[in-house]
Amino acid sequence: MRRLIQFTSLALFTNACELQALEVSGNAALNLAAHTAGAEPDLSEQGGQLVVKFTEDRDAFSLVGEGRARWNHAYANDYSEAARDDYEWSADWRELYIAKDVNQWNISLGMQQVVWGKADNLRVLDQVNPLDYRDFVLPDLNDYRKPLWMAKGEGYVGDWSVQTFYIPWFEPNDQATPGSEYEFIAIDPELLQSFTLLPEKKPAHTVDNGEAGVQIARSFSGLDINFSIFHTWDDNPVYRQQYAIDASGEFIAELQPEYHRQLHLGVAAAYSLANGFVLRTEWLVIPDSVYMLNVADINGGLIEETTVNALLGLDYSWRDWLFSMQANDRYIDNWTNEFASAEHQPLVTFSATGQSFSGRLESRIAIARFTDESNDQLLQIRTSWRPDDYWAYTLGADYFSGPAQGTFGQFAHKDRVWIKVQRYF
Amino acid sequence: MKFLSIAAAGISLCFMSATQVAAVTADDILSQVRNRPDGVDTFANASLVLIEKNGSKRVRDLLFLQKDYGKDDKLTLSFTTPADVKGVVLQSINYDESVQKEDDQWMYLPAFRQIRRIAATDKRGSFMGSQFSYIDLDKLRVTDYRQTLVREEKINERDCYVIERIPSSLEVVNRTGYHKVNVWVDKDSSVVVKQVYFDAKGIPFKEFFAKKLEQVQNIWTVTHSEMRDLVNGRTSELIFSGVRYDVGLDDSLFQHNIMKTGVKNGNLPQVR
C-alpha cells in the first residue's frame, strides 16, 4: 500500500510540476547464477533487473529518484511459497526525494540512504539504514541497504560539515524469507525446539519512536575526521524469554522478538600516510546494547551492556589498483559466558580492486574471515568487461567456508559462479 | 591543479627584450608557466574522449570547477555522463609548492555513497580510464625537477623553448612515473604546448599535445589537448567548452557536501 502511495504521489507531483529538465539513466541486466557445491537447485538465479534513475534539477528544487524491479525465475518452483511470493518478482525504491538549497543548507525530504563512516563494505558507523538480507551479504552494500523516509539537512557550521536527519518510522533489517536461498540461522535451532516463537513486537509508528542523528565532519591537511550521535533502534530483534499457561493449563515457554532503543556514539577518521597509504578507523560506542542470556531471569533473559565496535583499515594505492585491509572487532562490557553472543567477533577483510585496458576491465577480489577458532570465511571474485559505454559483462564467484552454523559456513554448500550482462542507458 | 593553466600561462614573457630572453633559465620559464595570472576561479564544461587504437571512442562529460585560495587551489570535477560514471566526483586541494605539503584528494562514487580519501603520493593511476594520469592534471611543480633549457624550436609555427626536466628525487619518480620529461613552452604565451614523457630506460612512452590554444578573457587557454600512449596506441583528448574565468564560484562548490548532493544548476547561478 505504501508503495502504491509513493508511485501515485510521484505521478501527481511530476504532472503538477511539468518536468522541464528530467534526466533519466539506468541499466537493464540479465543474471544467471549456478551452484558449484551440489546445492539444489542447480541455478539459484535466472532473471533480470531494471534500474531507472531520474533527476529533475530546477532552480527551486531538485527531484531525485531511483527505482529497481527484479525478477528471479529460480523462485518460481524451487523454493518455498513465501520465498516465491517475495522474490520471484519484486520492486523497490532505492531513493526518492525532493531537495532544496536553503541558505547554504541542502534540505531533502523523502526516501533516502545515509552512509556514515570510512569502512569498505563493513558496517560500524554505517547503521542509519537497515539492510535487506535476501541475497545475504553478496551484493555491494549499496544494493541491499534499505532506504528510509527521512527529513535530512546538510550544511556547514564554520569549517565543520554537518549532516542531521529525522526518521519518523523505524524499519528493522529484513531477514531472508524462510525457505529462500539465503535463509539465515539467526537463533539456535535447539533453543527454538523448546520455545514457542511469537510474532515480532515492533515499535509503533509514532513521533516518539522516530530516529534522529547528527554527524559533524572536518578535513584538516591529510586528515578527515567525523563525530556522530544517533538515537536509534537496534535493527535486529532480541528474543525475550517468557512463560505462560495456555488454555489447557499447560506451561509454555515463549520467545518474544522485540526491538530496543540504542544510542550510537561514533568517531571515524582517515589519514593520508606517506608512500600511497591511507589509514582509516571507526569507533562505535553503544552504552545500551541489549543481549540475550542463555539462562532465563526476571528480565526475560535480557541484559543491557556497553558495546564497543572498532575498525582499523589500511588502503594502498598503486597505479590503477587499490588494496585494502581491515580489521574489525567488538567488545562487550561485563561479558560472561552466560551471554548468547560472543564477547568478540574478530573479522579481517582484504580486497584488491583494479582497472586495466583504459578502464574497460575491472577486477576485484575480496576475502572476509572471522579470525576466531571458527575460521568462517567468504571469498568473492569478480571481473567486469566494458567494451563501450553501454554494455558490461561481469563474471563472478562466491565461495563460503566454515562451520555449519557459522555466519558464512552455513552457506558452504551454496558456493556459486554467476554472470551478469548489463545494458546502460 | 590547473590543467587549463598548465597550458595557459602568463603573457609577461612576451614583453621581455631579446637580451633578457637570452639570459632566461629553464626555471624562470617554468615559474612563469606556473605563476601567470589566470583568474581567481575557473568554470568549464569538459569532455574526456577515450580513443582506442582501432578508432572506437568513449566520451565522459564533466564539469570543471577550480578556485584559488591564496597560494593553494581547490578543484572539483563532477562527471555528468555516461550513466556508469554519472555522479562520480573528484575533489582535491593543491597546496603552494613552497610549503612542500602533499595534496589532499577525495573521490565520491555514487555506488558507495561514501567520500573516500585517496592517497596523493602515487598519481600514476589513469584518470577515469584515460591516457592522462592524475599527475597530468596537477599544476606544474617547478622544484620537482632539475631542468635545462636545451634549445628553441617551432611547433605549429609558434616559437617554443624546449626544456629537459629530470626528477629531483626518487619520490617524484614514484609519484609521477616519469623519469624524464621534455617540455615545449610557447614563447609568446608561456603555454606548455607539448610534453614527452620518458621511462626508466630513457624511452618515450607518452606524448602530450595542445591541439587548440585560444584566448578566453585575455587568458591563453588550451581548450583541446591530446595525450598519446606510444606503447599501446591509445589516445585521450580533453576538450573544454564554455570556459569562464573569475565567475565568482561559491566556496560550497569546493566543500565535501557538494560531492554527495551533486553540482546542480542552482549551485552555478553565475554561469547558467
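Residues numbered from 1 in each chain as written. Chains lettered and ligands numbered in written order. Predicted model: local features only at pLDDT ≥ 70, side-chain atom pairs only at ≥ 80, totals over all residues.

**Student:** What is the right way to look at the overall build of chain A in this model?
**Tutor:** Within chain A, the regular secondary structure consists of four helices and 21 strands. Expected size for 425 residues packed as a compact globule is a radius of gyration near 22 Å; at 23 Å, chain A falls within 12% of this value. By its C-alpha atoms, chain A is 70 × 55 × 55 Å across when sized along the principal axes. Of all 425 residues assigned to chain A, the portion counted as buried reaches 29%. The long-range share in chain A, meaning contacts at least 24 apart out of those at least 6 apart in sequence, stands at 57%. (Helix = DSSP H or I, 4+ residues; strand = E, 2+ residues; numbered from the N terminus. Rg over C-alpha atoms; globule rule 2.2 N^0.38 Å. Buried ≥ 20, exposed ≤ 12 C-beta atoms within 10 Å, placed from the backbone. Contact = placed C-beta atoms within 7 Å.)

**Student:** Would you mind going over the overall build of chain B with me for this structure?
**Tutor:** For chain B, the count of helices and strands is five helices and 13 strands. Expected size for 272 residues packed as a compact globule is a radius of gyration near 19 Å; at 18 Å, chain B falls within 12% of this value. With the C-alpha coordinates aligned to their principal axes, the bounding extent of chain B is approximately 55 × 40 × 35 Å. Within chain B, buried positions represent 46% of all 272 residues. Counting contacts in chain B only where the partners sit at least 6 residues apart, residues at least 24 apart contribute 51% of the total.

**Student:** When you look at helix 3 (residues 26-35) of chain B in this model, what are you seeing that I'm missing?
**Tutor:** Turn by turn, an α-helix covers 3.6 residues, leaving residues three or four places apart pointing in a common direction. Residue and element names in this part refer to chain B. Among the residues of helix 3, Ala26, Ile29, Leu30 and Val33 are the ones counted as buried. An end-on view of helix 3 places all buried positions within 90° of arc, on one side of the element. Next to the buried residues of helix 3 lie strand 7 (145-155), strand 8 (158-167), strand 9 (180-186) and strand 10 (192-198). (Arc of directions from axis to C-beta.)

**Student:** Which parts of the structure should I look at to understand the interface of chain B and chain A?
**Tutor:** Taken together, the contacts link 33 residues of chain B with 39 residues of chain A. Listing elements by their share of the side of chain B that touches chain A, those giving two or more residues are strand 6 (114-117) and helix 5 (257-261) of chain B. Per-class residue counts for the side of chain B that touches chain A are nine nonpolar, twelve polar and twelve charged. (Nonpolar A, V, L, I, M, F, W, Y, C, P; charged D, E, K, R; others polar.)

**Student:** Where do I start with the domain arrangement of chain A in this structure?
**Tutor:** Where interface size is quoted, it is often the accessible area lost as the parts come together. Residue and element names in this part refer to chain A. Each assigned domain of chain A is listed with its residue range as follows: domain 1 (1-99), domain 2 (113-317) and domain 3 (346-425). Between domain 1 and domain 2, the residue contacts involve ten residues of the former and eight residues of the latter. Only helix 2 (81-87) and strand 4 (89-102) provide two or more residues apiece to the side of domain 1 that touches domain 2. Broken down by element, the residue count for the side of domain 1 that touches domain 2 peaks at four residues, all from helix 2. Tallied by class, residues from the side of domain 1 that touches domain 2 come to five nonpolar, two polar and three charged. (Domains from an automatic or database assignment.)

**Student:** Sorry if this is basic, but what is going on with the confidence of the model for chain A here?
**Tutor:** Parts of the prediction with low pLDDT should not have their coordinates interpreted in detail. Per-residue pLDDT for chain A has a mean of 91; in total, 95% of the residues score no lower than 70. When pLDDT is averaged over each element of chain A, strand 19 (residues 377-385) of chain A comes out on top at 98 and helix 1 (residues 2-17) of chain A at the bottom at 52. (pLDDT = per-residue confidence, 0-100.)

**Student:** Looking at this structure, I do not really get the environment of Pro168(A). What am I missing?
**Tutor:** Relative to the assigned elements, Pro168(A) resides in the loop between strand 7 (160-167) and helix 4 (189-193). In this structure, the C-alpha to C-alpha distance between Pro168(A) and Phe400(A), residues 232 residues apart in sequence, is 38 Å.

**Student:** Whenever I open this one, the nonpolar core confuses me. Can you help?
**Tutor:** In globular proteins that are soluble, nonpolar side chains generally tend to be buried together. Residues and elements named next belong to chain B. With 35 residues, the main nonpolar core has Ala46, Leu62 and Phe64 as its most contacted residues. Those elements giving two or more residues to this core turn out to be strand 1 (41-51), strand 2 (57-69), strand 3 (72-81), strand 4 (89-94), strand 13 (235-245) and helix 5. At six residues, strand 1 tops the list of elements feeding residues into this core. In contact with leucine 62, other than residues within four places in its own chain, are Ala46, Leu48, Leu77, Ser78, Phe79 and Thr80. (Core = buried A, V, L, I, M, F, W, Y, C linked by C-beta atoms within 7 Å.)

**Student:** Please clarify how the pairing of strand 10 of chain B should be interpreted in this entry.
**Tutor:** Residues and elements named next belong to chain B. Strand 10 sits mainly inside the fold: five of its seven residues count as buried. Pairing between strand 9 and strand 10: six bridges, direction antiparallel. Paired with asparagine 182 across the strands is valine 196, a residue of strand 10. If you look at the hairpin formed by strand 9 and strand 10, you'll find five residues sitting between the two strands, and serine 190 has a positive phi there, around 55°. Sheet topology places strand 10 next to strand 11 (residues 204-216); five bridges connect them, and they run antiparallel. (Pairing = 2+ DSSP bridges.)

**Student:** Even after reading the chapter, I still don't get the sheet that holds strand 12 (residues 251-258) of chain A, so can you show me in this structure?
**Tutor:** In any sheet, the strands associate via hydrogen bonds between backbone groups, in a parallel or an antiparallel arrangement. All names here are of chain A. The sheet built from three strands is open, its strands ordered 8-12-11 with mixed pairing. The sheet is open, and its two borders are formed by strand 8 (196-197) and strand 11 (238-245), each paired with just one other strand. Pairing of strand 11 with strand 12 involves eight bridges; the strand directions are antiparallel. Its bridge partner lying in strand 12, arginine 240 is registered against glutamine 256.

**Student:** Which parts of the structure should I look at to understand unusual backbone geometry?
**Tutor:** Working note: non-glycine residues mostly have negative phi, and peptide bonds are mostly trans. In this structure, the amide linkage connecting Glu40(A) to the following residue, Pro41(A), adopts the cis form with an omega of -5°. A cis geometry characterises the amide bond from Thr81(B) onward to Pro82(B), with omega recorded as -5°. Along the chain, the position of Pro82(B) falls in the loop between strand 3 and strand 4. Its identity as a non-glycine residue notwithstanding, Asn103(A) has a phi of 50°, on the positive side. Tracing the backbone shows Asn103(A) in the loop between strand 4 and strand 5 (105-112). Asn103(A) sits in the exposed class, given 6 other C-beta atoms within 10 Å. Phi is positive for Gln217(B), close to 50°, though the residue is something other than glycine. Assignment of secondary structure puts Gln217(B) in the loop between strand 11 and strand 12 (219-229). For Gln217(B), a count of 12 C-beta atoms within 10 Å corresponds to the exposed category.

**Student:** I keep staring at the pairing of strand 6 of chain B and nothing clicks. Help me out?
**Tutor:** Across four bridges, strand 5 (residues 104-109) of chain B lies against strand 6 of chain B in antiparallel orientation. Bridging across to strand 6 of chain B, Met107(B) finds its partner in Arg116(B).

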